[in-house]
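Fold and geometry: a report
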Amino acid sequence: MNLTLRIWRQTGPDSAGAMTTYEVTGISPDMSFLEMLDHLNEELILAGDEPVAFDHDCREGICGACGMVINGQAHGPERTTTCQLHMRHFEDGDTVDVEPWRASAFPVVKDLVVDRSAFDRIIGAGGYVSVPTGAAPDAHATPVPKPVADLAFEHAECIGCGACVAACPNGSAMLFTSAKVVHLNVLPQGAPERESRVLDMVGAMDDQSFGGCTNTGECATACPKGIPLSSIATMNREYLRATLKGGARR
Amino acid sequence: MALATRTERPPSLIGTVWHSTVGKKAVMAVTGLIMLAYLVAHMMGNLKVFFGAGEFNHYGHWIRTVGEPFLHREWFLWAARVALSASVVLHGVAAFQLSRLDRAARPEKYRRKRHRASYATRTMRWGGVILALFIVWHILDLTTLTVNPNAQQGRPYENLVASFDRPAVTAFYIVAMLALGLHIRHGFWSAAQTLGANSARRDRALKFVANALAALLTCGFLAPPLGVLTGVVS
């Protein structure tokens, strides 16, 4: 199949970018979107042009490295990561717009590559459990009820790809932050830092250039891991509870 | 060496809430719910217009005497006015500040964007502006009677009919009430979400209540002007 691609090209963080049109031929419907871009890049390299830069790593949909906005949708038309999106979901002759995540907190590094270290700063503020080092604890030392374990796991699935921020009209990181807050706050291991975690992580989130939540729900529709919108409500509840408990930001 | 203890004063609760996006949204949610509760009472009061000038005017005068003899005449009315004005201002200021932040967080638009959010969700900001303008007009029209040329102090029923005898006023009123319905449709559910009262299990019920409240208030508020328009109220 043949496609017309309009790809955002930008040589560096401070240079102006523009949509550039490429005619790509000989695409197999079994290719992933990234393999299709590899295919384009091979042709670009052979022609002596600069290949399109994009982030990728595992290509199994579990690492969260890849991500681009395809036809205005984060990760494209299917609810999966870009690496797991296959060309069979496009029609021969389609024109496909490919853009980087757009958010002040995610500055473009080059072409489709954005800097997502703002997420790392949120995680660094409280997205962990402080445990004493030493021998591994016995597996049954801390009982976790099955529904709680399932809830925690549902939120632990977040791969930090940034699709929620890219899809949100406000460039808000609420879904990402809430995934980690809920994941750790529902578990007994996370209980000692329950209040400081949510206060510090929301504080770190507000310190980046993310917008606020207007409950549009676009994040949860774009999330390739299905983090539910209700986790934002849970984080809001945790935040208000921690604030009222007097745990003003440390 | 002794370890230093934490002695600095922690930031105040109000400051923490107002300076965080989550806290500011909670302020919007609470003020929004205060205004929503008022609107339900206001709408029910309005419907008395269908029971004639006597009952409606009696109700209008009773509002001034609520709480007597414990409260002085009009104290309750002024307390409500202060609380509602504070709510409107806090709601609007928070919305303005958050919107500025939101716009700055997404400076570059996508070339081809498919809207997945509902119409009500996407019109919250401009709908809110319409409602703010409407509130100003509404107070000038039916409370202070400044822009109601045929109005007389102390005769709310006659003033209401005189106001809606002007087609442009009725049209503006209808637009504002439709905006109100849309605002509540997203706003009520959104407030539940912001205050952490929502969950996957309650989501559908809350959306149903939001839609029901929106429909009820819109219809209830549209009834008096449509009554005047059709001559049922005159």
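Cut-off values and rules
- Numbers given for residues are sequential positions, taken from 1 along each chain in its written order.
- Each chain gets a letter, beginning with A, and each ligand a number, beginning with 1, in the order they are written.
- For this predicted model, a pLDDT threshold of at least 70 governs which residues receive local features, and a threshold of 80 or more governs which side-chain atom pairs are given and counted, while totals over whole chains, interfaces and linings are taken from all residues.
- No hydrogens and no water enter the side-chain calculation; it runs on all heavy atoms of the structure.
- Lines fitted to C-alpha atoms define the axes here, with helix axes fitted over just the stretch in contact, and angles between the N-to-C directions of these axes take values from 0 to 180 degrees.
- Numbered from the N terminus, helices here are DSSP runs of H or I no shorter than four residues, and strands are runs of E no shorter than two.
- To sort the angles, those under 35 degrees are grouped as roughly parallel, those over 145 as roughly antiparallel, those from 65 to 115 as roughly perpendicular, and the leftovers as oblique.
- Left-handed describes a crossing in which the near helix is turned anticlockwise from the far one by less than a right angle; the clockwise case is right-handed.
- Whether two residues touch is decided by their heavy atoms; if any such pair falls within 4.5 Å, the residues are in contact.
- Ten residue types, Ala, Val, Leu, Ile, Met, Phe, Trp, Tyr, Cys and Pro, are classed as nonpolar, four, Asp, Glu, Lys and Arg, as charged, and the remainder, Gly among them, as polar.
- Patch criteria: residues need more than 30% relative accessible area and no salt bridge. Like-charged residues are merged within 9 Å; nonpolar side chains of Val, Leu, Ile, Met, Phe, Trp and Tyr are merged within 5 Å.
- In short, Shrake-Rupley with a 1.4 Å probe defines the accessible areas, and a residue's cover is counted only from the protein chains shown.
- The working definition used for a salt bridge is a side-chain nitrogen of Lys or Arg within 4 Å of a carboxyl oxygen of Asp or Glu.
- UniProt positions are given in the numbering used here, feature names are shortened, and annotations may be inferred rather than shown by experiment.
- A quick way to say it: buried area is the sum, across both parts, of accessible area lost when two parts are put together, with a 1.4 Å probe.
- The domain boundaries here were taken from an automatic or database domain assignment.
- Here a polar contact is recorded for every N or O atom pair within 3.5 Å, except that within protein the pair must consist of a potential hydrogen donor and a potential acceptor, and residues adjacent in sequence are included only if both atoms are side-chain atoms.

1. A short note on the packing of helix α2 (residues 117-124) of chain A against helix α6 (residues 194-207) of chain A
All names here are of chain A. For the pair α2 and α6, the least separation of the axes is 8 Å and the interaxial angle reads 155°. With respect to their mutual orientation, α2 and α6 come out roughly antiparallel. Regarding α2 and α6, the two cross each other, and that crossing is right-handed. Contacts from Arg121, Ile122 and Ile123 of α2 reach α6 at Met201, Ala204 and Met205.

2. Some words on the packing of helix α2 (residues 21-46) of chain B against helix α8 (residues 167-194) of chain B
Residue and element names in this part refer to chain B. Interhelical geometry of α2 versus α8 gives an angle of 135° and a closest axis separation of 9 Å. One element, α2, and the other, α8, form an angle in the oblique class. As α2 runs across α8, the sense of the crossing is left-handed. Each of Val22, Lys25, Ala26, Ala29, Leu33, Leu36, Leu39 and Asn46 in α2 lies in contact with α8, whose residues at this interface are Tyr173, Leu180, Ile184, Phe188, Ser190, Ala191 and Thr194. Taken together, the residues that form the contact of α2 with α8 break down as 11 nonpolar, three polar and one charged.

3. Comments concerning a nonpolar patch on the surface
A contiguous nonpolar patch, built from Phe50, Phe51 and Val232 of chain B and spanning about 330 Å² of accessible area, is present on the exposed surface. Relative to the helices and strands, valine 232 of chain B is located in the segment after α9 (203-230).

4. Topic: the UniProt feature "transmembrane region" (unreviewed entry) in chain B
All names here are of chain B. Residues annotated in UniProt with the feature "transmembrane region" (unreviewed entry) correspond here to residues 26-45, 75-98, 119-140, 168-188 and 208-233. Measuring from the first to the last C-alpha atom of residues 75-98 gives 34 Å, for a span that is 100% helix and 0% strand. Between the first and last C-alpha atoms of residues 168-188 the distance is 30 Å; the span itself is 100% helix and 0% strand.

5. Considering the interface of chain B and chain A
Contact with chain B, which involves 41 residues of that partner, is made by 51 residues of chain A. Taking both partners together, chain B and chain A bury about 3600 Å²; carbon and sulfur atoms supply 50% of that area. Contact with chain A buries surface across chain B, with Tyr110, Arg112 and Arg116 of chain B losing the most and accounting together for 19% of the total. Where chain B touches chain A, the interface holds two salt bridges. With a closest N to O distance of 3.9 Å, glutamate 99 of chain A and arginine 111 of chain B form a salt bridge.

6. A few points about the environment of valine 22 of chain B
Structurally, the position occupied by valine 22 of chain B is in helix α2. With 173 residues separating them in the primary sequence, valine 22 of chain B and leucine 195 of chain B have C-alpha atoms 9.1 Å apart.

7. With respect to the domain arrangement of chain A
All names here are of chain A. The domain boundaries assigned to chain A delineate domain 1 (3-109) and domain 2 (117-244). In this structure, domain 1 and domain 2 have C-alpha centres spaced 29 Å apart. Taken together, the contacts link 17 residues of domain 1 with 19 residues of domain 2. Contact with domain 2 buries area across many residues of domain 1, yet Arg79, Ala105 and Phe106 alone supply 41% of it, more than any other trio. For the pair domain 1 and domain 2, the interface holds four residue pairs in polar contact (both at pLDDT 80 or more).

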